[in-house]
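Structural features, examined
Chain residues, written in single-letter form:
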Amino acid sequence: MAAAAALASPLALAQEPIRLIVPYAPGGPLDITSRALAERVRDSLGVVIIDNKAGAGGNIGADAVAKATPDGMTIGLAATATHAVNPWLYSKMPYDAGKDFAGITQMVRVPNVLVMNAAKAEQLKIHSVADLIAYAKSHPAKLNYGSGGNGSAGHLAGEMLKQKAGIFALHVPYRGANPAQLALLSGEVDFNIDNLAAAAPNIKSGKLKALAVTSLNATPLLPGVPPLSKTYPGFSIDTWWGLVAPAGTPKPVLDKLSKAFNDALNAPETKTRFNTLMAEPVGSTPAEFDKFMAAERAKYQPIVKASGAKVD
């Protein structure tokens, strides 16, 4: 009976709107894609309202989802940071990423890209990953790289590259991804591993040279650019996000939500809209998304530890 009562809300083109908590500020790719999907599920789920709760690297918003009533009326966005990196980065977490949530579906995968200032790459005669590694080995401690901060995706991907390649490059953390990209464009740092969505305009304009993507396979979003896994088998760090509900949400409710959002992700209009953001729609079942997030947490634990990054 409890499950039936809980199921009634999302099924009934709900009298009350469903609240989708986005743990980041309005305007970014996570917010834009969430709003696009909210529009597309209106016919199946009723009104879905986006509630932006930014702060503490996404932890504030994620915690609000974890502590919400598990009836399907409050759901939230789970991202690489909130559900794979932060559990190892923060000394104290307000929620348990492995126990306090129930997956609904993955939404998006965005490759990260290894980029250099194009003029600097030409000057140093670096035209490929092999060239970069060779330069680093023949010029010890001469290279540095920027990121959006300690523990950011760009920082961890850089540390993973250093481990795999056996090279040293000084990490220079900035206060966000935009300042880090400006530092690369101005020549303050030698390379970055940036989100493709953010780097794409400067790659297209010729200001940045793309050496490789960090997805396991090459991406049609950046034709002709090889994956780092071609040089280092198994190398894979993507930016991803998806939808979760509080733990204890009845399975019929999760299945209903998952079907609605997967149908929205598979719509041609969604793929076109996400393509402009350099984001690939990726749907999954609740169980598949739970398994994926657990695997991502396991992957990032040693990377965060090796990086030495910590937030107290």
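Heads up: the structure comes first, above all this text.
Computed from a prediction, not measured in an experiment: that's the story for all the values here. (Residues numbered from 1 in each chain as written. Predicted model: local features only at pLDDT ≥ 70, side-chain atom pairs only at ≥ 80, totals over all residues. Heavy atoms only, no water.)

Brief notes about the side chain of S215
Counting through the fold element by element, S215 comes out in the loop between β8 (208–213) and β9 (238–246). Assessed through its relative accessible area of 7%, S215 is described here as buried. In this structure the side chain of S215 is engaged in a polar contact, spanning 2.7 Å, whose partner is the backbone oxygen of N217. When neighbours within four sequence positions are excluded, S215 is seen to be in contact with P111, P227, S229, F235, I237 and D238. (Helix = DSSP H or I, 4+ residues; strand = E, 2+ residues; numbered from the N terminus. Buried < 20%, exposed > 50% of the residue type's maximum accessible area, 1.4 Å probe, protein only. Polar contact = N/O pair within 3.5 Å; in protein donor to acceptor, adjacent residues only side chain to side chain. Contact = heavy atoms within 4.5 Å.)

A closer look at unusual backbone geometry
If you check the backbone angles, A141 has positive phi at about 65° while not being a glycine. With respect to the helices and strands, the residue A141 is situated in the loop between α7 (129–138) and β5 (144–147). Even without being a glycine, M278 presents a positive backbone phi close to 60°. Here M278 lies in the loop between α12 (268–276) and β10 (280–281). Here M278 falls in the buried class, since its relative accessible area comes to 10%.

Looking at the packing of helix α2 (residues 29–40) against α12
Between α2 and α12, the shortest axis-to-axis distance is 11 Å and the interhelical angle comes to 165°. As far as their axial angle goes, α12 and α2 are roughly antiparallel. In this structure, the crossing between α2 and α12 has a hand that is right-handed. When α2 is examined against α12, the residues I32, T33, A36, L37 and R40 are found in contact with a partner set consisting of E269, T270, R273 and F274. Considered class by class, the residues forming the contact of α2 with α12 number 4 nonpolar, 2 polar and 3 charged. (Axes fitted to C-alpha atoms, helices over the stretch in contact; angles between N-to-C directions. Parallel < 35°, antiparallel > 145°, perpendicular 65-115°, else oblique. Left-handed = near helix turned anticlockwise from the far one by under 90°. Nonpolar A, V, L, I, M, F, W, Y, C, P; charged D, E, K, R; others polar.)

Side note on the pairing of strand β4 (residues 101–117)
Burial analysis of β4 places 16 of its 17 residues in the buried class, the great majority of the element. Note that β4 and β9 share 9 bridges and pair antiparallel. Looking at β9, one finds that R109 is bridged to W240. As judged from the 2 bridges shared by β4 and β10, these two strands associate in the antiparallel manner. Bridge pairing in β10 places V108 opposite P281. Bridge count for β4 against strand β7 (residues 191–195) is 5 bridges, and the pairing is antiparallel. Bridge pairing links M116 to F191 in β7. Both β4 and β8 contribute to a ladder of 5 bridges, which runs antiparallel. The partner of V115 across the bridge, within β8, is A210. (Pairing = 2+ DSSP bridges.)

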